[in-house]
Structures are given as C-alpha cells and as structure tokens.
Amino acid sequence: MLSLARENPAPIHATAAEIDRCALWALGMELRLYPKAGLVSFVDTGSHVDMNAATFLRSTAALKGYFAALAQAGAEGASFAGMKAIGIAAEARMFRATGGVNTHRGAVFSLGLLAAAAGMDDEMDISAYPLERSRRLCARVRRWGADILAARSPVDASHGAQVRARYGAAGAREQAAAGFPVLRAHTLPAFHAARRAGAGIEAAGLHAFYATVAVLDDNNMLYRAGPEGLAYARRAAGEFMAAGGMLVPEGFGRARALHAAFVARRLSPGGAADLVAAAFFLAALSGLVPERALPWR
Ligand SMILES: CC(C)(COP(=O)(O)OP(=O)(O)OC[C@H]1O[C@@H](n2cnc3c(N)ncnc32)[C@H](O[C@H]2O[C@H](COP(=O)(O)OP(=O)(O)OP(=O)(O)O)[C@@H](O)[C@H]2O)[C@@H]1O)[C@@H](O)C(=O)NCCC(=O)NCCS
Ligand SMILES: Nc1ncnc2[nH]cnc12
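A quick note: this is a predicted structure, and the numbers were derived from the prediction, not measured.

1. Points about the site of ligand 2
Right, on to step 1. Looking at ligand 2, the residues that line it are Glu30, Leu31, Leu39, Val40, Gly46, His48, Ser268, Gly270, Ala273 and Asp274.
Right, on to step 2. Going through the elements one at a time, α1 (16-32) and α14 (270-285) are the ones with two or more residues in the shell around ligand 2.
Right, on to step 3. Take the shell around ligand 2: its biggest share by element is 3 residues, from α14.

2. Topic: the packing of helix α10 (residues 181-196) against α14
Right, on to step 1. Contact pair α10 / α14: the axes reach a minimum separation of 10 Å and the direction vectors enclose 65°. Between α10 and α14, the angle falls in the class roughly perpendicular. At the point where α10 passes α14, the crossing takes the right-handed sense. The residues of α14 that touch α10, namely those facing Val182, Leu183, Thr187, Leu188 and Phe191, are Leu275, Val276, Ala278, Ala279, Leu282 and Ala283.
Right, on to step 2. Counted by class, the contact of α10 with α14 contains 10 nonpolar, 1 polar and no charged residues.

3. Quick notes on the site of ligand 1
Right, on to step 1. Every one of the 38 residues lining ligand 1 counts as a neighbour, but Gly87, Gly106, Gly160, Gly171 and Gly270 are closest to it.
Right, on to step 2. Breaking the shell around ligand 1 down by element, the ones donating at least two residues are α4 (80-98), α5 (105-119), α8 (159-167), α9 (172-177), α12 (219-242) and α14.
Right, on to step 3. Per element, the largest residue contribution to the shell around ligand 1 is 8 residues, and it comes from α5.

4. Some words on helix α2 (residues 53-62)
Right, on to step 1. Burial in α2 covers these residues: Thr55, Phe56, Ser59, Thr60 and Ala62. Burial along α2 is one-sided: seen end-on, the buried residues are contained in an arc of 160°. Turned more than 90 degrees off the buried face of α2, the exposed positions are Ala54 and Ala61.
Right, on to step 2. Buried positions along α2 lie against α1 and α4.

About the criteria used
Residues numbered from 1 in each chain as written. Chains lettered and ligands numbered in written order. Predicted model: local features only at pLDDT ≥ 70, side-chain atom pairs only at ≥ 80, totals over all residues. Near = placed C-beta within 6 Å. Helix = DSSP H or I, 4+ residues; strand = E, 2+ residues; numbered from the N terminus. Axes fitted to C-alpha atoms, helices over the stretch in contact; angles between N-to-C directions. Parallel < 35°, antiparallel > 145°, perpendicular 65-115°, else oblique. Left-handed = near helix turned anticlockwise from the far one by under 90°. Contact = placed C-beta atoms within 7 Å. Nonpolar A, V, L, I, M, F, W, Y, C, P; charged D, E, K, R; others polar. Buried ≥ 20, exposed ≤ 12 C-beta atoms within 10 Å, placed from the backbone. Arc of directions from axis to C-beta.

So this is what it looks like as structure tokens:
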C-alpha cells in the first residue's frame, strides 16, 4: 500500500522516453480495469462487437513513440498546428493497427496534449502535493485553448461533430481547451481519495472512472443513446458513487451490475475511459504509483 510519506517528493519532470512509457502504461491500465461499465477489458467486450482487448493492445503498440514525440514538441515550444500534425499521423497508425476501429482517438488527443504539457520546461513547484501538481499540468493545456477550439476535426462528421450539431454538446475539444475541468475536479480527486483510503491502483482507477461517468457529457453515450441514455448513465454512476463507489465491500458487485446494465443499453463511456487513462498517466508522473509498477524500472 502507498504511504502518504511517499506521496510528496517525486518530481513531476520526466524525460520524453519516460513520458512515452507512462502514457502507454496508462492505456494498458485503463484496459485492465474491470468492471468498467460498458467498456472493453480483458474479461469481455462490454457494449462493443467490433473490438476486444487484443484490438486495444495492437492500438497501444502502434502508439509507441507518439507521446515522446509530443513531449519533445512541448519541450521545443512547438505550435499547436505542429502538434496536431503529429496527432493526426498517430491516429492514422492507430486505425491501420485496428483495421479502422476507433480505439484511442480520444486518448491520442487528450493524453497527447498532456504529454506535450509534461514535456515543457518545468517550472513546477515540486513541494506541491501530487494532486495539485497534476492539476497544474492539466491547466497548462489551456495555453493552446483557442487553437484547439478553432481546429477542424480531421474526420468529417465524426461522432463528436454529429452530437455537437444535434444537441449542441461539448466534447473532448472543450475539455482540453479549458484545461480538463472534469479531470481536475472529479477524476483526479477521486483517484487520489481512493489511494489515500488504501485502495489499490485498479480499485482507485475504477473509483475515478465512475466519478467521471457521473458528471461527464460523454459524446459516445450521446451518440449511441441520446440525452436520455447519457442522463441514465450519469445518474446510475452518481448513485454508485454516493453509495461509496469502490471504497465499500459491495463496490465490486455493484460495479459488475452497472456494467451489465450499460451493456443492456449499449452504452459505452469511452470519453470517461480516456480521462481515467489520463489520471493514471498523471499519477505515474507525479509519484503516486509504486515504483515497482512503473514501466521504466
Ligand atoms: C479534436 C478531436 C478531439 C476531434 O474532434 P471531435 O469533435 O470529433 O471530438 P469528440 O467526438 O468530442 O471526441 C473525440 C474522442 O474523445 C473522446 N470523448 C468523447 N466525449 C468526450 C468528452 N466529453 N470528454 C473527453 N473525451 C471525450 C472519445 O474517445 C473515446 O471514445 C472512442 C470511441 O468512440 P466512437 O468511435 O464514437 O465510438 P464507438 O462506440 O466505437 O462507435 P460506434 O460503435 O457507435 O460506431 C475512443 O477513441 C475513445 O478514445 C471520442 O471519440 C481530435 O480527435 C483531433 O483533432 N484529432 C487529431 C489531432 C490530435 O489528436 N491532436 C493531438 C495533439 S495536438
Ligand atoms: N476500454 C475501452 N472500451 C471501449 N471504448 C474505449 N475507449 C477508450 N477505452 C475504451
């Protein structure tokens, strides 16, 4: 178990290669989490028929080097346009590896921007607690906010564009441009609270996942199930968290029941999955993960 004494000293600055490994490790951890409502894991394929855990592993392998490239770009003060070109090339590698299935488009975008922020010259006050350091790193992404909002999606009529047109919904772009408000105010605090309460990394990841589903306007759910489906998912996850989430003995069983309920409705909170991967990434960078679990040791 993590002791609080270990929480503070690790500096957030890492090399581009370490940032890459942390991001790939975070994608692997997100995949491992079970039961995360409606989503793919090593146990089952949730609400999906076109992808399984092997698809995600191929996708993750295809992204090796991408996060290092963005960390390097961040360190060199690259423009958003330059970073976007690197992101689009990575997305293309992902689609080649999966045969056209969208596994990690959101993660390529959100974790990519966080990798660029992590690679920037570090003026971070390392005496701040890890949660605060992670939040500050998220907030750095705001510097690209105007460009993020102005950029056209490389995919015509993406699911995000469709729900934006139909419901006026905000999505991954708006989250990133605002410095990831849901990640800062919900996902990360839930992850850290669970770790402080003695939860293991996976239970803390699940706790953070449900805290995120409870509040996020996830475009994937709007696309598949409309506002009613999204409202159902948020309410169900909110009730799960109000009952103690993963921090009570009944948590695992309740999460399994939620998973079944989401699958019955074909709900798939892929945006929340990306934010949990981002929380794992930031936790690894800020010393909240036991060193033996980290990929470069
Ligand atoms: C600017 C882009 C984000 C594209 O803009 P777009 O308007 O298309 O964006 P969104 O649809 O809003 O989001 C793209 C992905 O982000 C995830 N997401 C959704 N809602 C949110 C949210 N509220 N907050 C954060 N993240 C969110 C989501 O990704 C996950 O779900 C994916 C599976 O999705 P989908 O294909 O819809 O679902 P399926 O169920 O499989 O489809 P069906 O079976 O129903 O047909 C999976 O990828 C998860 O990761 C959204 O998909 C951006 O993409 C862009 O410009 N990219 C290129 C540049 C770049 O990457 N730059 C980075 C460095 S600067
Ligand atoms: N594990 C997962 N299952 C389905 N969609 C996802 N998008 C990101 N991670 C996912």
